Amino acid sequence: MELRQLRCLIAVAETQHFGRAAQKLDMLPASFGRHIKLLEEGLGGQLLVRTTRHVALTDAGREFVAQARDLVERADEMERMFREGTKGKSRILRIGAIDSAAAGLMPQLLPKVREAFPEIDVELLEQKTIRLLPRLLSGRLDIAIVRPPEVPDGRLEFMPIFSETAVVAMPEDHPLAARKMVSVADLADQPLIVPDRASRPHSHDLTIKLFLEAGYTARIAQIAEEKQTIVSLVSTGVGLAIVPKWASRLAVGGVSFVTLNGSTDIAKQSLALSAVWLRETRHESRDAFLRVLQENLLELSRTA
């Protein structure tokens, strides 16, 4: 039995409607219904009577809801008292970020957070999206900057930020390196380095889809997992790589970054960034971080 399940039951009792109750808690109906089902299965009894048009509490359900309300209110009060007792003390904010955001966004954003909220201590974890999201769900992170997944988890809240710019990493002595801008057609016969799709689907699909959209097939010379490794391989002449602009901040010598001509929807979707956190959780330091991010969003987007 979980507090989230109890909140779902209370919402049904108040609205007498699954759809409205799910909407009240900002949840997907399927996810909402699953929480109710798990609660009833865990208790081993029926709490609700459902018809096509109506939802009502059973006798046992009414008695249970009264106790559930008391339990949820006590839990909320405990949280409030704890937060009030820690005000004025140093507060830890655990932030996760994908590599390009860790290299490009955080060095600009975190000094602004420290200036506005010096009492907040930040712990930063750089990892892939597929590894950051489970850490949010388990409570090991408070917020993360990620590529939004194709199918978002209803337990998480996503706030779109902006999309990074696509650039082409190439050896600084490459014939194309002197240009200010290149197109996919210019890269048609070039060997390419791409990330492994299993761990970096957005970055992998960016290259493949851009070539398909232009009527070409990408010549994949090497697959590598980490951005640092990819840019390092570029410096050795293994191939070129389409990467986010912020990858240019990685400390790898001998590499030029040239803007990729034609900002397409594919590039915007593949390089989109979102802030994400666990729904229905209160965290003052996280909310403070979000306020600073939103206040400086336009300025930060100009460098991406």
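Relevant structure appears above.
All values reported here derive from a predicted model rather than from experimental measurement.

Glancing now at the overall build of the protein chain. Counting its secondary structure elements, the protein chain contains 12 helices and 13 strands. Expressed as lengths along the three principal axes of its C-alpha atoms, the size of the protein chain is roughly 80 × 50 × 30 Å. Burial statistics for the protein chain: of 304 residues in total, 47% are counted as buried. Of the contacts formed within the protein chain by residues at least 6 apart in sequence, a portion of 75% connects residues at least 24 apart. Of the accessible surface of the protein chain, which amounts to about 15,700 Å², a share of 51% is contributed by carbon and sulfur atoms.

Here the focus is the sheet that holds strand β13 (residues 272–278). Taken in spatial order, the 5 strands make up an open sheet running β4-β3-β5-β13-β6, and their pairing is mixed. The strands lining the two open edges of the sheet, one partner per strand, are β4 (120–126) and β6 (156–163). Neighbour-to-neighbour, the strand axes of the sheet open up by a mean angle of 20°, direction not taken into account. Sheet topology note: the strand β3 (residues 91–97)/β4 ladder contains 7 bridges and is parallel. Following the sheet pairing, Ile 92 is matched in β4 by Asp 121. Against the sheet, helix α7 (residues 129–138) makes contact with β3, β4, β5 (143–146), β6 and β13, and its axis sits at roughly 160° relative to β5, the strand it touches most. Packed on one face of the sheet, helix α11 (residues 284–295) meets β3, β4, β5, β6 and β13 and runs near 55° to β3.

Residues Ile 143, Ile 145, Phe 162, Ala 275, Val 276, Phe 289 and Leu 293 are the most contacted members of the largest nonpolar core, which totals 38 residues. Counting only elements with at least two residues in this core, the list comes to β3, α5 (99–104), α6 (106–116), α7, β5, β6, β13 and α11. Those residues in contact with Ile 145 that lie beyond four places of it in its chain are Gly 96, Ala 97, Ile 98, Ala 101, Leu 105, Met 106, Leu 132, Ile 161, Leu 273, Ser 274 and Ala 275. Counting residues in each nonpolar core, the second largest holds 22 residues, with Ala 13, Leu 25, Met 27 and Leu 48 among its members.

Relative to the assigned elements, Glu 284 resides in helix α11. Classification of Glu 284 as partly exposed rests on a relative accessible area of 32%. A sequence separation of 255 residues divides Glu 284 from Pro 29, and the C-alpha atoms of the two residues are 28 Å apart.

Pairing within the open sheet is mixed, and its 4 strands lie in the order β8-β12-β7-β11. Where the open sheet ends on each side, the last strands, each with one partner, are β8 (181–182) and β11 (241–244). Across 5 bridges, the pairing between strand β7 (residues 166–171) and strand β12 (residues 255–260) is antiparallel. By the bridge assignment for β12, Pro 171 is matched with Val 255. Lying on the sheet, helix α9 (residues 227–235) is in contact with β7, β11 and β12; it crosses β12 at an angle near 105°.

Turning our eyes to something else, we now look at the side chain of Asp 142. Considering the arrangement of structural elements, one finds Asp 142 in the loop between α7 and β5. On the basis of relative accessibility, which here comes to 9%, the residue Asp 142 falls in the buried class. Of the polar contacts made by the side chain of Asp 142, one reaches the backbone nitrogen of Arg 94; its length is 2.8 Å. There is a polar contact of 3.5 Å between the side chain of Asp 142 and the side chain of His 283. Not counting the four nearest positions on each side in its chain, Asp 142 is found in contact with Ile 92, Leu 93, Arg 94, Leu 136, Trp 277, His 283 and Arg 286.

Along an α-helix, residues three or four apart share an orientation, since each turn contains 3.6 residues. With 13 residues, helix α8 (residues 201–213) should cover 18 Å at 1.5 Å per step; its first-to-last C-alpha distance of 17 Å lies within 8% of that length. For α8, every residue scored as buried is listed here: His 202, Ser 203, His 204, Asp 205, Leu 206, Thr 207, Leu 210 and Phe 211. Following α8 by one or two positions, Gly 215 has its phi on the positive side, about 90°.

A few words on helix α3 (residues 29–43). Taking 1.5 Å of rise per residue, 15 residues should cover 21 Å, and α3 covers 21 Å from first to last C-alpha, within 8% of that figure. Those residues of α3 not exposed but buried are Ser 31, Phe 32, His 35, Ile 36, Leu 39 and Glu 40. Downstream of α3 by one or two residues, Gly 44 has phi in the positive range, about 75°.

Right, let's get into the packing of helix α1 (residues 3–15) against α3. Contact geometry of α1 with α3 gives a least axis separation of 9 Å together with a crossing angle of 105°. Between α1 and α3, the angle falls in the class roughly perpendicular. Contacts from Arg 4, Gln 5, Leu 6, Cys 8, Leu 9 and Val 12 of α1 reach α3 at Phe 32, His 35, Ile 36, Leu 38 and Leu 39.

Here is what the cut-offs are and how they apply
Residues numbered from 1 in each chain as written. Predicted model: local features only at pLDDT ≥ 70, side-chain atom pairs only at ≥ 80, totals over all residues. Heavy atoms only, no water. Helix = DSSP H or I, 4+ residues; strand = E, 2+ residues; numbered from the N terminus. Buried < 20%, exposed > 50% of the residue type's maximum accessible area, 1.4 Å probe, protein only. Contact = heavy atoms within 4.5 Å. Areas by Shrake-Rupley, 256 points an atom, 1.4 Å probe, with all protein chains shown as cover. Pairing = 2+ DSSP bridges. Axes fitted to C-alpha atoms, helices over the stretch in contact; angles between N-to-C directions. Core = buried A, V, L, I, M, F, W, Y, C linked by side-chain atoms within 4.5 Å. Polar contact = N/O pair within 3.5 Å; in protein donor to acceptor, adjacent residues only side chain to side chain. Expected span 1.5 Å × (residues − 1). Parallel < 35°, antiparallel > 145°, perpendicular 65-115°, else oblique.

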